[in-house]
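# Coordinate analysis (summary)
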Amino acid sequence: MKASDYIVEYLKSQGIKYVFGYIGGMITHIVDSLDNAEGIDYIQTYHEQTAAIAAEGYSIETKNFGVAISTSGPGVTNMITGIADAYFDSIPTLFISGQVNTHEYKYDLPIRQRGFQEMDVVSLCKPITKYANLVDDVSLLRYELEKAIHIAKSPRMGPVILDIPMNIQKMEIEPESMLSYSKSIDKLKEWDKSLVVEKIKNSKRPILLVGGGIRYDKKKEVIKFLDKFQIPVVNSLLGKGLVDEDYHYYLGMIGSYGNRCANIAIAKSDLIICIGSRLDTRQTGANFSCFEDKTIIHVDIDINELESHKLKNRILVNAYSSDFLNIIDQEFESYSCDNSWLDFIVYLKENYNQEKEIQRFVENKMPYLSIQTLNHYSKNDDVFTVDIGQNQMWAAQTLKIKGNQTFITSGGLAPMGYSIPCAIGHGFANPKKRIMAIVGDGGFMISEQSLYMISQYDLNVLVILLNNSSLGMITQFQTLYFNSNMAGTTIQGGYRACDARAVALSHGLRYFLIEEKDLNNRAYLDQVFSSRNGVIEFRIENLSTVSPKLEFDQPIYNPFPYLPEDELKELLNRT
Ligand SMILES: Cc1ncc(C[n+]2csc(CCOP(=O)(O)OP(=O)(O)O)c2C)c(N)n1
Ligand SMILES: [Mg+2]
């Protein structure tokens, strides 16, 4: 059997139906094998970055893993952004790069390059993958493929890359007689169950913090836990949508751009049960005093992450979130925390929710009104893929994720141009679901070429362009710290947003404009949102801001715009 045919058969046996990529000389054997195979398709994207991020979207929806391939040299350097993204956000993905023939590869020679488009892929990708290897011995192909996929899918999940020279891809092999990989199971570290139970029993003001780590684990255990324990819950950016937002004591997102009520609640709690979240600075703020005065039960599958954290007041629980929650469930017949705590939570939620925030503090409301329009028009199974910038924070603060909906965005790397490629991968994985890809004008231009795929495959993707004609996230920064000198971010500073209508039409997509005056035109909006796909541009005039936003040195309960001193004091003294 030809080695490239074997690779394709193996991917198929693992449930992979689509492989995203961009063709080039060194990957042609694998592309050809994909094209010849039944039940698995090669999807030619228009940029390797699109392929890599589409593989992430595919992985998240299928809860399996995603695959993207590229040629050597520039093909693989273009995939790097997606690979790094999958690494920081723990998305199981397999990347395959074609490499020059082994007899052309420089190996250890003290020269820069030997073969045309040769690239030391392993060195390049080592810091951003769980496993990176050059497969230059065909007898190890089966072993390497099995090993790479096992590593990608085992905790803590992430990307792997195999760099396969062209001459290896075309060799004849007998897979049955080749070396196979025997899986080793990593041991989890023991944790102190009785201490955890005691802390929960003694807590008066507990709160659950949910992070992206539970994305591939079982969400139903969280629902069961909240049903029984009835404690307040908040999420990190990547945890959004992983708890039911209709839950009575759900407060929203915490962190630098977190909802005010969620940030105050976590500051006032005496116990944080944190599952699948790294508690990084974007969540705690640079001033993390509010996280030091309480106990944190920190549940994570990655022991290194647990042991490397700066906060010392944590009980480390190296476990799957579902296992942890099941164990805690068994330990308690019933549970109830202080009523005064729950009353406080309800008060906070009623008075400091995002709607109140917008009414009270936001001058240019159009961005938030746009997201509220999406809330109105979203259906139970919709998926939101969200880009980077102010658009990401407006969405994370204001979207109400309900029913079976999902919210997907990038947390660690945060590359502009993420949401449309991610929506494309998701669209292939599940053609039944409608996807709204939220993006700013900057991210739209960065990922523009991927728009073609939406019309080419008639994907169920609505691109929601929040066009403030600026790189808004940075303008807010420039207003604060650079005397409003908008270098590179507005038309005066040399940044010019494109004509979205012309771009949409040139990619074969329908285009709809929504201005502030259209927001009450239900007939028009009904028509816009009944479209299967297209670009919907919300035109946002004037300077746009995100509110609330934590300033650098402030504790998490005191985001900007500041509450009057008396009001904040009274609020913090309530429990
Ligand atoms: C690839 C990449 N380059 C630069 C940045 C830095 N950055 C973060 S947000 C942002 C502005 C985003 O502008 P836009 O897409 O229009 O969204 P807005 O903030 O206006 O909603 C920039 C430049 C980034 N995150 N990713
Ligand atoms: Mg913008």
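Our subject is the structure listed above.
Numbers given to residues run from 1 along each chain, matching the order in which its sequence is written. Written order determines the labels here, with chains lettered from A and ligands numbered from 1. Selection of residues for local features in this predicted model requires a pLDDT of at least 70, selection of side-chain atom pairs for listing and counting requires 80 or more, and totals for whole chains, interfaces and linings are taken over all residues. Computation of side-chain values covers all heavy atoms of the structure but excludes hydrogens and water.

### Quick word on the packing of aromatic side chains
For any pair of aromatic rings, geometry is given as the distance between the ring centres together with the angle between the planes. Pairing of aromatic side chains here covers Phe, Tyr and the six-membered ring of Trp, requires ring centres within 6.5 Å, and sorts the geometry by plane angle: under 30 degrees stacked, over 60 edge-to-face, intermediate tilted. Evaluated as defined, the whole model comprises 22 aromatic pairs. Arranged with centres 5.3 Å apart and planes meeting at 70°, the rings of phenylalanine 229 and phenylalanine 332 form a pair that is edge-to-face. Here phenylalanine 332 lies in the loop between helix 13 (321-331) and helix 14 (339-351) and phenylalanine 229 lies in helix 9 (residues 219-229), a separation of 103 residues in the sequence. For the residue pair phenylalanine 229 and phenylalanine 332, the accessibility class agrees, reading buried in each case. Every member of this aromatic cluster is reached through a ring pair, and the members are Tyr18, Phe20, Tyr58, Phe428 and Tyr457. Here, a charge over a ring means that NZ of Lys or CZ of Arg falls within 6 Å of the ring centre while also lying within 35 degrees of the ring normal. The ring of phenylalanine 407 is capped by lysine 240, whose NZ or CZ atom sits 5.7 Å from the centre of that ring. Note that arginine 574 overlies the ring of tyrosine 347, its terminal NZ or CZ placed 3.6 Å from the centroid. By definition, any uninterrupted DSSP run of H or I lasting at least four residues is a helix, any uninterrupted run of E lasting at least two residues is a strand, and each is numbered from the N terminus. Burial classes: relative accessible area under 20% of the type maximum marks a residue as buried, over 50% as exposed, and values in between as partly exposed (1.4 Å probe, protein chains only).

### Focus on the site of ligand 1
When we say a residue is near a molecule or strand, we mean one of its heavy atoms is within 4 Å of it. Near ligand 1 lie 17 residues; those nearest to it are Gln390, Ala414, Gly442, Gly443 and Gly472. Interatomic distance of 3.0 Å between a backbone N/O atom of serine 470 and an oxygen atom of ligand 1. Contact between ligand 1 and glycine 472: an oxygen atom at 2.8 Å from a main-chain N or O atom of the residue. Note on areas: these come from Shrake-Rupley sampling with a 1.4 Å probe, and a residue is covered only by the protein chains present in the view. Burial of ligand 1 by the protein amounts to 76% of the accessible area it has alone, namely 580 Å². Here a polar contact is recorded for every N or O atom pair within 3.5 Å, except that within protein the pair must consist of a potential hydrogen donor and a potential acceptor, and residues adjacent in sequence are included only if both atoms are side-chain atoms.

### Brief notes about the nonpolar core
Buried Ala, Val, Leu, Ile, Met, Phe, Trp, Tyr and Cys residues that are joined via side-chain atoms within 4.5 Å together make up what is termed a nonpolar core. In this structure, Leu11, Ile69, Leu94 and Phe444 are the most contacted members of the largest nonpolar core, which totals 87 residues. No other element matches helix 3 (residues 48-62), which puts seven residues into this core. Leu208, Ile214, Phe229 and Tyr247 belong to the second largest nonpolar core, which has 61 residues in total.

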